[in-house]
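This is what each chain is made of:
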Amino acid sequence: MTTRGRVLVTLMALALVVAACGEDEPAPTTAAATTAAPTTAAPTTTEAMAEAMSACEGATLSFIGLDGEAGETELQAWRDANGVALETNWPGSWPQFVAAIKVGDVYDLATIAYHVGPRHIEAGLFQPIDTSRLENWDKMFPGLRENSSLRGADGQVYGVPIAWGDGPYIYHPGRVANPPKSITELMEPEWEGRFTIFDSPTLVFSMLAIANGFDDGVGDRTNINADQLEVVKDQALQILRNASAFANGYRDATDIMVAGDSDLNVNGWEAMLTWAEEQGETLDFAFFEESGGGGWWDGLAIPVTADDVDCAYEYIDLMISDDINAQVGENLVSGVVNSNSAEIAGPGAQIYDYDLVRTDTSAVSFRNAQPPEDDEAPEGITSISDWLDAWEEIKAEA
Amino acid sequence: MIESVTRRGPRRKRSRRGTSGEVLVAIDRRRRVAAWLQLFPGSAYFTLLFLVPLAGLLAMSFFRLVDFDPVPAFVLSNYAEVLTTSIHVRLGLRTIQVAGILTVIVLLVSFPCAYVLNFVFRAKRQLLYFLILVSLFGGYIVRIYAWRSILGRQGVINQTLIGMGIIEEPIRYLLNSMFAVGASLVNFLIPLGVLPIYAAMQNVSPHVIEAARDLGASRIRAARQIVLPLSMRGVRAATAFVFIATLGEWVTPRLLGGTKDLLIGNRIEFYFGQSLEWPQGAALAMTLMVAMGVFAYIIISLMKRLTR
Amino acid sequence: MTDGSRRPFQPAILLEGVTKRFGSVVAVDNVTLAVEEGEFFSLLGPSGCGKTTLLRMLAGFETPDDGSVYLRGEDVTLVQPNKRATNMVFQNYELFPHMTVFNNVAYGLKLKKVPRNEIGQRVNEMLEVVGVGGLGTRAADQLSGGQQQRVALARALINRPAVLLLDEPLSALDVKLRKRMQLELKSIQHSLGTTFVYVTHDQEEALLMSDRVGIMDHGRLLQIGAPRSIYEQPRNEFVADFVGTLNDFAITVTRTDGDLAVAENGDGDRIVVMAGHSCRAGDTLRIAVRPERILLTPRAEEADSGQPGNRLSGRVQDVIYMGPFTQYLVDTGMLGRVVSQRVSNEEATLITPGLEVAVTWAVDAAFPLSDRDPVEAPTT
């Protein structure tokens, strides 16, 4: 080969290598994943700035948890003003998250999520939160603030919610005259080929369990026995047969509905309405009776290995302050936790029905719909493996 | 020349005869070393990125699963579990069946395509061939999404049929069905089928087709009786490529096939992605690989036997 | 030949005004010719002259842009090759490599659905005729060049075509084999009586085998005739030069004598040529003489230098021994270099380099050369 040829080939090879080493997409997370770029700049109120002149100056905060939930954009200006550095880490999975803290790695802040929170609190990952140190604690909606899922067995608060949502399904009002009231309606012939669903046994089985009255919708787990699982399994099979396809994420579900190939998706997220609007279609959300209890929250906790606890408290307080929390809600397309923020938040956060959380007993249950792990299932109660086996069988039949 | 070569090597006093023999060995050794060096990057790449992970997968298939974590061990229970599950047998058979049907369809399209490229568009055939290959570069997932919009209720096919008055309601079955999976796979596999057949046909002179026609054969008969046997090597390769590629498919059935587990690949994906039973998944994957190897062998030797 | 349904005296092949263009190139330019039943007809010309294209139009692999092709009176211009009563022997034989010799030869018969036992008999017969009798079961890709050639011939002939077309079939063979095959082909054609149209660039081959030859250059048919008439009466310089070698000269006529034109210099050199009545003294003529018609006599032995007819003085420059004949390069004052070619016998050895010789040739051995393009359409 000529010299020129050699140079050309080398350049091409390099180009291929560079392309392959391109930035990875952040791992998809729970419903609280960030989808849109921040829509507003970050104005910090003067009182927030005044608060800032304190323990956090020049500090470095180390965060372990979900992307977008450490105020990366919302508190950028504040961090710049105070010379605070933020290091974010996500170890790839919840089990690795647990391992990282257990092993003793130093983290000042961590994500605490509603479905793994109770277990993580039990595992002793976090320190108790002294809520008197949070100025904005009392502004939090009672439905969130008083919820048991924030607390450990000792009754102390271990996590501070920064965003929440409910568990609707999304449908196309133009094509669905009567939004179904129960997931069991999706077994009817009239729904054949008209909806998409997520490939999740825990989602489908737990909702059916409530619909059949096998589960009371309270407490940490969905406990059903083998016979009940059989019933649920048969119903789920019928639902899968009726479903047209599995949706691969909320965006995918939206695209399919906009393209006209489905009229409904279980479950849903209000952000889908925004995305559909961008494409000129109008969607709406509604609730199954059995999932009106479902919902989620994500928050911040302070790991036991935290170094700069004072700064951590300040940071958390800022995250739930009026202005900042409004931005968080907007950016994450989720409900705000601060009742003042609810007034000023943008449309992304306005979709949520804050009446649901205005009272002590939240109409949103924030419960974890998981079945028990294999080693903790009580006698006669089906565990996650049983559910997975059942799901495996019906996917082959559908 | 002989003098200069021996000067580079170790100093030795040899007779003329010995020297020339030594030169031959020296050159041969240098050439062999050069050959090995040239093979090294490719083999290293292949070994590191293919053989090593494959070995890892093989090892994993013997591990034990403890608390959703694979633990190094040597147990055969994974294979036992995987091979005795009736769903697997059923899915396996269905996968073979689907692979067979798709292979036939792809061959029926690829052979005439390669023929037309080689003999009808003889002047422009390289360019057209490249265009066919380009569709392979388009990206696997992108193609699937393209098919989704083509086959959907508001897609081209349905809208055309409605516009022509042939149907009133869009046909739902076009998407999220075996048909959609088949259409997308065939679309993807055709370049794989055309490639080897086209290459084999390069060795067939257009004049030999003329000879057949001169003797009374129509173009189609000449293609069947002359061109096909002479490019059989390529047809065999195409059959093997397409069949084996289909056996491992899971993304297309996942995205276009509805909620059902259509092919054995979906089952393997379930093990790795949902139920997190990696050793079982690895066992099933290895079984599939062995099956692929067996099929490749059967197909090729069967075809060799049937066609000269 | 005994087909009663055919009109008598109808040519086996008639081409009328056939033209074929490839892009801007005119490969065949307004060719009209007729080939008689049972004739061995050759198309001769240099590479690229259009002879192969013409042959392919006869076979049906190309369609003329203008003009028509008639086969035994029937217009087959647009008829597909598989439906024509012609068969072709290709330059590279194009045997079917995946079949045996037998199946290759039987291919055409099988397509016509000839009964199996008849096929067997006819194939074996034909293999004998072409000289590959025992090779029926051999695979076609395991034959020597000569064997392949014969099988290709058998494969074509067995279908009893009205016309057999041969595209330089012997060009890939070595000289000895080629010479043998030329004679064999001629003999087979003669015994079968099939019309052969044979394309070649080898003029010796054409002259040897053919009943008539057609010379082509740059797509145009320049002359058709029996070998002797082509050789001895070429119509233009190209034909004359292509077929055999020539000495060609330009002379200035000094006087005329009836039909004859004479050119003389003062030294006793004289050229006499048949020129027709329109020739005048002072005209320039171009003439050509074949080397083998030029006699050399050592000056010392010259009988009578005063005889009428062509005579030049010259000196032998070079003697080239070429096996069966010898060439002499002679330097003459009047015409420059003259080439003479004689059989290599004892008499010829007397002519040595440096010898002074008298160069003579018969008056009718010379012929005039016109321009490349013939004035009238060529006929037999």
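## Observations regarding the interface of chain C and chain B
Opposite the 22 residues of chain C that make contact, chain B presents 19 residues. Contact between chain C and chain B buries roughly 1900 Å² in total, counting both sides, with carbon and sulfur atoms accounting for 56%. Considering only the side of chain C, the residues that lose the most area to chain B are Asn82, His98 and Tyr107 of chain C, jointly responsible for 31% of the buried surface there. For the pair chain C and chain B, the number of links is one salt bridge. Measuring nitrogen to oxygen at the nearest pair gives 2.7 Å for the salt bridge that ties Arg56 of chain C to Glu210 of chain B. Linking chain C with chain B are nine residue pairs in polar contact (both at pLDDT 80 or more), by the criterion used here. Those elements giving two or more residues to the side of chain C that touches chain B turn out to be strand S6 (86-89), helix H2 (101-111) and helix H4 (145-157) of chain C. Of the residues in the side of chain C that touches chain B, the class split is eleven nonpolar, seven polar and four charged.

## Comments concerning the pairing of strand S17 (residues 312-321) of chain C
Residues and elements named next belong to chain C. Pairing analysis gives four bridges linking S17 to strand S20 (residues 356-360), with the strands arranged antiparallel. Across the sheet, the residue bridging to Arg315 is Glu356, located in S20. Relative to strand S18 (residues 325-332), S17 runs antiparallel, the two being bridged by seven bridges. When the sheet's bridge partners are listed, Asp318 is paired in S18 with Leu329. Turn length for the S17-S18 hairpin, with the two strands adjacent in sequence and antiparallel, is three residues, and the turn residue Gly323 shows positive phi of about 85 degrees.

## A look at unusual backbone geometry
Looking along the chain, the bond that leaves Val266 of chain A and enters Asn267 of chain A is cis, with omega of -10 degrees. Inspection of the secondary structure puts Asn267 of chain A in the loop between strand S8 (264-266) and helix H10 (271-278). A positive phi angle, near 50 degrees, is found at Glu94 of chain C, a position not held by glycine. Position of Glu94 of chain C relative to the elements: it lies in the loop between S6 and H2.

## Notes on the confidence of the model for chain B
Low-confidence regions, as indicated by low pLDDT, have predicted coordinates that should not be scrutinised in detail. Residues and elements named next belong to chain B. Per-residue confidence for chain B averages 86 on the pLDDT scale, and 92% of its residues sit at or above 70. By mean pLDDT, helix H1 (residues 2-8) is the weakest element of chain B at 38, and helix H9 (residues 206-214) is the strongest at 95. With pLDDT under 50 throughout, residues 1-16 is counted as low confidence; its partners more than four residues away or in other chains account for eleven contacts. Listed scores for the predicted complex are pTM 0.75 and ipTM 0.80.

So, how was this worked out
- Residues numbered from 1 in each chain as written.
- Chains lettered and ligands numbered in written order.
- Predicted model: local features only at pLDDT ≥ 70, side-chain atom pairs only at ≥ 80, totals over all residues.
- Heavy atoms only, no water.
- Contact = heavy atoms within 4.5 Å.
- Buried area = accessible area lost by both parts, 1.4 Å probe.
- Salt bridge = Lys/Arg side-chain N within 4 Å of Asp/Glu carboxyl O.
- Polar contact = N/O pair within 3.5 Å; in protein donor to acceptor, adjacent residues only side chain to side chain.
- Helix = DSSP H or I, 4+ residues; strand = E, 2+ residues; numbered from the N terminus.
- Nonpolar A, V, L, I, M, F, W, Y, C, P; charged D, E, K, R; others polar.
- Pairing = 2+ DSSP bridges.
- pLDDT = per-residue confidence, 0-100.

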